[in-house]
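Working through the structure, step by step
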Amino acid sequence: MKIELFVTGIISTNCYIVSNEETREAVIVDPANVSRRMKEYIESEGLTVKAVLLTHAHFDHIMGIDKLIALYGSMPVYVEEEDLELLHTPEMNESTVYTAGYSYPGGEVIHGGEILHLIGHDFQVIHTPGHTAGGVCYYVEKEGVLFSGDTLFCCSVGRTDFATSSTSALVRSVREKLFLLPDKTVVYPGHMGATTIGNEKVNNPFV
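Residue numbers restart at each chain and count upward from 1, following the sequence in its written direction. In keeping with the model being predicted, local features are shown solely for residues with a pLDDT of at least 70 and side-chain atom pairs are shown and tallied solely at 80 or more, while totals for entire chains, interfaces and linings include all residues. Each side-chain value is derived from all of the structure's non-hydrogen atoms; neither hydrogens nor water enter the calculation.

With that out of the way, let us pick up the pairing of strand β10 (residues 145-149). Buried residues dominate β10, accounting for 5 of its 5 residues. Using a 1.4 Å probe on the protein chains alone, a residue whose accessible area is under 20% of its type maximum counts as buried, one over 50% counts as exposed, and one in between counts as partly exposed. Strands are runs of DSSP state E lasting at least 2 residues, helices are runs of H or I lasting at least 4, and numbering of each runs from the N terminus. Every second residue of β10 is oriented toward a common face, with V145, F147 and G149 on one face and L146 and S148 on the other, all of them buried. Strand pairing is defined by DSSP finding a minimum of two bridges between the two strands. Here 3 bridges tie strand β9 (residues 136-140) to β10, and the two strands are oriented antiparallel to one another. Of the residues in β10, the one forming a bridge with V140 is V145. Joining the antiparallel neighbours β9 and β10 is a turn of 4 residues, in which G144 adopts a positive phi near 70°. Two elements, β10 and strand β13 (residues 186-189), share 4 bridges in a ladder whose sense is parallel. Paired with L146 across the strands is V187, a residue of β13.

Take a look at the structure:
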C-alpha cells in the first residue's frame with residue numbers, strides 16, 4: 001500500500017491517495033478538492049480511482065467529489081448513514097460559512113463494523129461519533145494504518161461545536177475504540193501531521 005498526502009481545499013485538509021502498487025488502483029480519502037498536483041500524481045502513477053472514502057461530511061472533506069467524478073468517472077462515495085444529511089445539506093456541512101454552499105446528493109451508506117474490500121486491501125469501518133454523528137475512521141489492519149479524519153489528531157481531537165457534534169461521544173470513541181488498536185498503528189488525520197496510537201495514549205491531553 002502506498003499513501004500519498006495532499007494538503008488542499010479552503011482550510012488545508014489532508015487528502016490521501018491510497019494506492020495498490022501492483023494493480024495501480026486507488027481510493028481517495030476526504031477529497032477537499034482535486035488540485036493540479038493531485039491530478040499530475042494520479043496521471044504519472046497511472047492510477048485508476050475506484051472509490052471515495054469519507055471520514056465525515058463536513059465541507060472541507062467533500063468539496064472535491066464532483067470534480068473527481070468529472071475527471072475519472074462514476075465511483076462509489078462511502079459515507080456513514082448518520083452523516084448523509086450533512087452530505088446533502090449545505091447549512092449543516094458548514095459550506096455556507098465559507099462558500100455559496102456545497103452538497104453531494106449521492107453517497108453509498110456504510111456502518112461501523114463493515115469491511116470495505118477495495119484495491120486489494122480491507123478497510124475496516126470504525127464508527128467514531130463525536131466530531132459528527134456519522135464520523136468514521138478506516139483501519140487497514142494488515143498495513144497498520146488508520147485514517148482518522150477529524151476524530152483524532154496529533155495530541156488533539158476534532159471540534160465538537162458543530163451540528164450533530166458531542167464532546168462526550170468523541171472522547172468515548174477515542175478511548176473505547178481507537179485506543180484498542182495496536183500502539184504502533186500509524187494515524188493519518190484530517191489535519192496536521194501523522195501520529196501513532198501509542199503516542200496519543202500517552203500525550204493527548206483531551207482524552
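Next comes the rest of the write-up.
In this structure, the largest pocket spans a volume of roughly 230 Å³. Grid points spaced at 1 Å and placed over the protein atoms alone form the basis of the search, with a cavity being a set where a 1.4 Å probe fits but cannot get out and a pocket an open set showing protein on both sides within 12 Å along at least five of seven lines. Lining residues have an atom within 4 Å of a point. I11, D60, D150, R159 and F162 are, among the 14 residues lining the largest pocket, the residues nearest its centre. Under the scheme applied, nonpolar residues are Ala, Val, Leu, Ile, Met, Phe, Trp, Tyr, Cys and Pro; charged residues are Asp, Glu, Lys and Arg; polar residues are all the others, including Gly. When the residues that make up the lining of the largest pocket are grouped by side-chain class, the tally is 5 nonpolar, 5 polar and 4 charged. Grid points are joined across faces, edges and corners, and a volume is the space filled by probe spheres set on the points.

Strand order across the open sheet formed by 6 strands is β7-β8-β9-β10-β13-β14, with mixed pairing between neighbours. Every interior strand has two partners, whereas the edge strands, β7 (115-118) and β14 (195-196), have only one. Strand direction decides the pairing type here: strand β8 (residues 121-127) and β9, joined by 4 bridges, are antiparallel. Each bridged residue has a counterpart across the sheet, and for I126 the counterpart in β9 is C137.

The periodicity of an α-helix, 3.6 residues per turn, causes residues three or four positions apart to be oriented the same way. Inspection of helix α1 (residues 36-45) places M38, Y41 and I42 among the buried residues, and these make up the whole buried set. Axial view of α1: buried residues confined to an arc of 95°, hence all on one face. Summarising the geometry of α1, the exposed residues directed more than 90 degrees from the buried face are R36, R37, E43 and S44. The inward-facing, buried residues of α1 contact β1 (2-8), β2 (13-19), β3 (25-29), β4 (48-53) and α2 (65-72). Positive phi shows up at G46, right after α1, with a value of about 65°. To be clear, the arc concerns the directions from the helix axis to the C-beta atoms. Any two residues whose heavy atoms approach within 4.5 Å are treated as being in contact.

Before going further, it helps to spend a moment on the nonpolar core. What is meant by a nonpolar core is a set of buried Ala, Val, Leu, Ile, Met, Phe, Trp, Tyr and Cys residues, joined one to another through side-chain atoms within 4.5 Å. I17, I28, L54, I62, I65 and L87 are the most contacted members of the largest nonpolar core, which totals 26 residues. Taken together, the elements giving at least two residues each to this core come down to β2, β3, α1, β4, α2, β5 (77-80) and α3 (84-88). Filtering out sequence-adjacent residues up to four positions away, I65 remains in contact with P31, L54, V77, L87, Y102 and Y104. Formed by 18 residues, the second largest nonpolar core is a distinct cluster that contains V27, Y78, V125 and F147.

For the rest of this paragraph, the subject is the state of the cysteines. Each disulfide is one covalent bond, formed between the sulfur atoms of two cysteines. A pair of cysteine sulfur atoms is labelled a disulfide when the two atoms are within 2.5 Å. For the coordinates displayed, the defined rule picks out 0 disulfides. The thiol sulfur of C15 is not disulfide-bonded, and the nearest other cysteine sulfur, from C137, lies at 16 Å. We note that C137 lacks a disulfide partner, and the nearest cysteine sulfur, in C154, lies 15 Å from it.

Moving on, we get to the pairing of β4. Across 5 bridges, β3 lies against β4 in parallel orientation. Paired with I28 across the bridge in β4 is V52. Regarding topology, α1 serves as the crossover connection from β3 to the parallel β4, and that connection is right-handed. Note that β4 and β5 share 2 bridges and pair parallel. Along β5, the bridge assignment pairs L53 with Y78. Place the viewer so that the strands point away; then a crossover is right-handed whenever the path from the first strand over the helix to the second strand goes clockwise.

On the surface, I10, I11, V97 and Y98 cluster together into a nonpolar patch covering about 380 Å² of accessible area. Looking at the element boundaries, V97 is found in helix α5 (residues 95-98). The exposed category is assigned to V97, whose relative accessible area is 55%. For patches, a residue must show more than 30% relative accessible area and have no salt bridge; joins then use 9 Å for like charges and 5 Å for nonpolar side chains, namely Val, Leu, Ile, Met, Phe, Trp and Tyr. Surface exposure here means Shrake-Rupley accessible area, sampled with a 1.4 Å probe, where a residue is shielded only by the protein chains that are shown. Whenever a carboxyl oxygen of Asp or Glu lies within 4 Å of a side-chain nitrogen of Lys or Arg, that contact is scored as a salt bridge.

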